[in-house]
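Take a look at the letters that make up each chain.
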Amino acid sequence: MFRFSVAFAILIVGIGQASAVTAAWKVPVERIAPQFDAAPPLEKPPGDSAFFQPGDKLWDLSGSVSWRIQVESHAGDQGDPFAVPEPGEEQMDWKGDWIVWNSRSGMIVARGSWCDVLLAQKAVGFEDFPDVIRIRVEVKGPGEPRSLSLISRSGEKASLELGELRVEVEPVSSGSPDLIIDSPVRVSWPAAGNHGRWQVVTAISFLDGHRYRIACHGAGDQRWELMASAEREFSDGTARKEARWLETSGGVKPWAVFESREKRMHQQLDANRWLGIYPSGAGLSSHLLARSCLQRRADIKPPAELAEWVSAPLADVRFFMEEQGIVFREEGCFAGIDPLSQKVFIVTDKAGQEMAASSFRTFVDGELEPPIWIETNPESGGWGIASRSGEGAEIKRSGDGNGNNLLFHCETTQAADGVTFDHRYVLDVVSGDTKIGKLESNTTLTKGKPQVIGSGTAPDGKEVKVIVTASGPRE
């Protein structure tokens, strides 16, 4: 006999939303329903939806999608706390309004309650659909921009050399809800003026689809910048974050992907009540929604004072916060989750809000550590590089045959306060395109505060200062 894991319980019973939800997934229908076209297309759309246009060919999938969903089972006596979970399947009775294939958009479109839509998402395999990671790299100036892109499966090395631009990566998808991708990055290309080759070696934690400045050097016409991005996509080139859509009053839009970098927010509402907004993530939100469903709790209509942040009904998750020791004494206090944004809204007293904040620091994983950006002033070479905290990164130019090789190597560690950095470095001081000195030491930096780490008289008699600044990522 199967015992369902709580993460899938949401797929069995409804939340009782005030109105239906319409969602779409850009996945190959042949993988989900190979015989979908055994019957003729529908004569008309099953309902009004912004996902449909005149002339669309639509096929009913309700009878051709497999509604057998993988769940957890437990061997032996269900009361045995040491029972080992084993995979199993259970046939689900889908209660949604309709689910169709739209050949024009290449999307499976479904309408029903939140639970119906989430069950459809599970049935079409969206969350488990295999993807690849695409790394894009661009070198800008001097001369013509150089760029390339290459794909790799998570955890596998990839390299590409094209037009003397070479890139090596080994991206790893964290599997976290905000789609963090970690990768070492090694890039090399010919330096201007036959001065050998530039090489950049670092490692970055990318937020899916975001473009970062990885390195730079020089000033004026001689300055170059290296940009890079990482994105998860399906085999047909569709970006994963653009493969799931929701219909709203304003049309259709990508179904928001949870991002742990979103800030938790506290705000006082009145003398006795505080509002807390907490991003929860896919795993915790599924857990909370599931338990709310099983307890058949009525949805919460957000009060007018929350209109700035949410207007849709919230699933009641007060029970979960009470388990963390929070007491909802005051009239108008509650805890609810918005299934769309995966944010939890809690209204309670100040002490309860502090307990809630502590709980969410424990339960939410996958925090993104943005790249640290280190840059020197143009007068000392205009060096700049992004890296992960505590890891070495370097830029070097070598192989011109004249001994005019250049190097900037650093290792920067960010302190727990987020604004203090331990910075160890070796850098060549450069004027124009010529090395005029070398500096090696370590220091403590404060975020956004330039620091003079060296100064002196250059060969031409002018005073030179080496100034370094630590900051957040540059996009």
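(A) Region of the structure containing the environment of Lys462. Structurally, the position occupied by Lys462 is in the loop between strand E29 (451-457) and strand E30 (463-471). Setting aside its immediate chain neighbours within four residues, Lys462 contacts Gly456 and Thr457.

(B) Expanded view of the sheet that holds E30. In space, the 8 strands of this open sheet follow the order E8-E7-E15-E14-E24-E23-E30-E29, with antiparallel pairing throughout. Since the sheet does not close on itself, it has two edges, and those belong to strand E8 (146-152) and E29, each with one partner. Shown here is a sheet whose adjacent strand axes are inclined to one another by a mean of 20°, direction ignored. Across 2 bridges, strand E14 (residues 211-217) lies against strand E24 (residues 384-387) in antiparallel orientation. Each bridged residue has a counterpart across the sheet, and for Ala215 the counterpart in E24 is Ile385.

(C) Local environment of the side chain of Ser105. Mapped onto the elements of the fold, Ser105 is located in the loop between strand E5 (98-102) and strand E6 (107-112). Engagement of the side chain of Ser105 in a polar contact is seen with the backbone nitrogen of Met107, the distance being 3.4 Å.

(D) Geometry of the environment of Phe52. Along the polypeptide, Phe52 turns up in the loop between helix H2 (29-32) and strand E2 (58-60). Taking C-alpha positions, Phe52 is 8.7 Å from Ser105, a pair spaced 53 residues apart along the chain. Not counting the four nearest positions on each side in its chain, Phe52 is found in contact with Pro45, Pro46, Gly47, Leu58, Trp98, Val100, Asn102, Arg104 and Val109.

(E) Representation of the pattern of salt bridges in the model. The full count for this structure, using the stated rule, is 21 salt bridges. A salt bridge links Glu231 to Arg136, with the nearest nitrogen and oxygen atoms 3.3 Å apart. Separated by 95 residues along the polypeptide, Glu231 in strand E15 (residues 224-233) and Arg136 in strand E7 (residues 132-140) bring together distant segments of the chain. We classify Glu231 as buried; its relative accessible area is 14%. Its salt-bridge partner being Arg166, residue Glu168 comes within 3.1 Å of it at the nearest N-O pair. Each of Lys140, Arg213, Arg223, Glu225 and Glu375 takes part in salt bridges that share partners, so that together they form one network.

Basis of the calculations
- Residues numbered from 1 in each chain as written.
- Predicted model: local features only at pLDDT ≥ 70, side-chain atom pairs only at ≥ 80, totals over all residues.
- Heavy atoms only, no water.
- Helix = DSSP H or I, 4+ residues; strand = E, 2+ residues; numbered from the N terminus.
- Contact = heavy atoms within 4.5 Å.
- Pairing = 2+ DSSP bridges.
- Axes fitted to C-alpha atoms, helices over the stretch in contact; angles between N-to-C directions.
- Polar contact = N/O pair within 3.5 Å; in protein donor to acceptor, adjacent residues only side chain to side chain.
- Salt bridge = Lys/Arg side-chain N within 4 Å of Asp/Glu carboxyl O.
- Buried < 20%, exposed > 50% of the residue type's maximum accessible area, 1.4 Å probe, protein only.

Function cannot be inferred from these measures alone, as they are strictly geometric.
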